[in-house]
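# Notes for the structure review
Read off the chains here:
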Amino acid sequence: MELTSEERAILAGERGEAERRALEYQVEVGRFWGAKRFVPVTSVHMMGDIEVMGDGGLGWLKETADRGARCRVATTTNARCVDFVHCERLGQDAGEVAKERELIATLKRMDVVTTDTCINYQTVYQPHLGEHVAWGDTGTVIYANSVFGARSNFESGPAALAAALTGRTPEYGFHLDQHRRGTFSVRLDARLEDLADWGAVGKLVGESHQDYFAVPVFHGFHRAPTADELKHLGAALASYGSMGMFHFVGVTPEAPSSLPAEKMLVGEKEIDSVYAGYSLGDGDGRLVVFSGPQQSLLEMKRLAGLFQGRKVQGSCFVTTNGAVLAQSRDLGYAQTLEQAGVTILQGVCFYILQNLSLMRERNRWTNMVSNSAKIVNIIGAHRFNTILRRTADCVEIACTGKLK
């Protein structure tokens, strides 16, 4: 790699051991991907929870902090695995909960802003066209690349923290123009009236094009999609296809004026086939989850309207971040949901909850119903039978316990 004088000084230890090790690691990442140089970044978003990092990750973070590591650019955290208000009720391990607190404290020592959210692009920071960032959650990366026209790859936890400490990242992948061009087109000929429908589109397109550098170009839709619709589309594309970017003609800033030759159609028939493809298992409808990504304020508002005056029969979880939850309480949405028996978890995503498999066994949950195509896909390791349904149908299932 071509290093600047500043980068050579960092490798010589002139900014301390923590930053030297971080850049040394980044050089190896850059060489692996064939990067020629580094690019400066303005924002970092990183994973940081005990369920993902384990004891080894916590020990590594503490050693890094002890070496004097400090973030050079604004750095935020993705969703964590413990809600400290509900951890005892959920039966989460007290020792792991204590480690989660220690991990958060360690991140704060390095000037990390512990936002604990996977929707930072809706509530914390929105990068602009051409801005280089180093984000680590797949849903945040595809949104940044696609909707804002910013530039990021899927950064691993160590890679994201290294970028935070050095203020740069290797220039490869979606930092380069050649990987940001559309590779195939998708005509949307369906109503797509619910967030789950947009997730279904992501599933159909992602499963048929499982390639990090496949970039779909959506066109033909009769209106501009909302931020939450684009959120669910991107999260599903990243989950089912490992995609890091998409274009939407007339909506996203880098959408091409001419369509790629390879074409795909998504109509009502294809959307219906997604919903029909899920097995109802043993018919258990006692677990409904609105998570993955966390809920925006407008999603909280809609859920409050659907749950108004009703009662949950089994278990229903909603996850969001602290900022959205505070606003939801001010506006009464949270109280409406809680009166209906919904459990609101703050700062977490359901699929990475510590001890989730044990929760499933203890509560005898077999099915998990959600309006998020991403979580329906990604939670499979915990051995749920997962079912995607539209939002209103999920509420009906939660309040009746009956699948449909």
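You'll find the structure just up there.
Given the structure is predicted, the values throughout are model-derived calculations rather than measurements.

## Describing helix 8 (residues 157-166)
Of all the 10 residues making up helix 8, eight are buried; the element is thus mostly covered by neighbouring parts of the structure. Taken together, the buried positions of helix 8 are occupied by A159, A160, L161, A162, A163, A164, L165 and T166. The secondary structure elements touched by the buried residues of helix 8 are helix 2 (17-33), strand 2 (43-46), helix 3 (50-66), strand 3 (74-77), strand 4 (134-135) and strand 5 (168-170). Within two residues after helix 8, G167 carries a phi angle of roughly 75°, on the positive side.

## Remarks on the packing of aromatic side chains
Summed over all chains, the structure comprises 15 aromatic pairs. With a centroid separation of 4.1 Å and an interplanar angle of 15°, the aromatic rings of Y121 and Y143 are classed as stacked. Of this pair, Y121 sits in helix 6 (residues 120-123) while Y143 sits in helix 7 (residues 138-148), and the two are 22 residues apart along the sequence. Like Y143, Y121 is buried. Members of the aromatic cluster, connected to one another through ring pairs, are W198, F218, F221, F246 and F248. The lysine or arginine in question, R101, covers the ring of F84, its NZ or CZ lying 4.1 Å from the ring centre.

## Notes on the nonpolar core
If you look at the biggest cluster of nonpolar residues, it comprises 87 residues, and the most contacted ones within it are L188, F218, F307 and F350. Look past the residues within four positions of L188 in its chain and what remains in contact with it is W198, V201, F218, H219, G220, F221, F248 and V266. Among the nonpolar cores identified, the runner-up in size contains 27 residues, and A18, M46, L58 and M110 belong to it.

## So, the pattern of salt bridges
Going through the model one piece at a time under the given rule, you end up with 32 salt bridges. Here E19 ties to R72 by a salt bridge, and the two come within 2.9 Å at their closest N and O atoms. Residue E19 is located in helix 2, and its partner R72 is located in the loop between helix 3 and strand 3; the two are separated by 53 residues in the primary sequence. For E19, a relative accessible area of 6% gives the class buried. Relative accessible area serves as the criterion here: at 47%, R72 is assigned to the partly exposed category. The partner of D177 in a salt bridge is R151, and the shortest N-O contact between them spans 2.7 Å. Residue D177 is found in the loop between strand 5 and strand 6 (184-189), and its partner R151 is found in the loop between helix 7 and helix 8; the two are separated by 26 residues along the sequence. One continuous salt-bridge network, built from bridges that share partners, spans E6, E7, R15, E19, R72 and R168.

## Comments concerning the pairing of strand 13 (residues 367-370)
Side chains N367 and V369 project from strand 13 onto one buried face, and the interleaved M368 and S370 project onto a second face that is buried too. As defined by bridge partners, strand 10 (residues 287-290) adjoins strand 13 across two bridges and the pair is classed as parallel. In the strand pairing of strand 13, V289 is matched with S370. Looking at chain direction, strand 13 and strand 14 (residues 385-388) are connected through four bridges and run parallel. Pairing of S370 across the sheet is with L388, part of strand 14.

Reading the values: the criteria
- Residues numbered from 1 in each chain as written.
- Predicted model: local features only at pLDDT ≥ 70, side-chain atom pairs only at ≥ 80, totals over all residues.
- Heavy atoms only, no water.
- Buried < 20%, exposed > 50% of the residue type's maximum accessible area, 1.4 Å probe, protein only.
- Helix = DSSP H or I, 4+ residues; strand = E, 2+ residues; numbered from the N terminus.
- Contact = heavy atoms within 4.5 Å.
- Phe/Tyr/Trp six-rings, centres within 6.5 Å; stacked < 30°, edge-to-face > 60°.
- Lys NZ or Arg CZ within 6 Å of the ring centre and 35° of its normal.
- Core = buried A, V, L, I, M, F, W, Y, C linked by side-chain atoms within 4.5 Å.
- Salt bridge = Lys/Arg side-chain N within 4 Å of Asp/Glu carboxyl O.
- Pairing = 2+ DSSP bridges.

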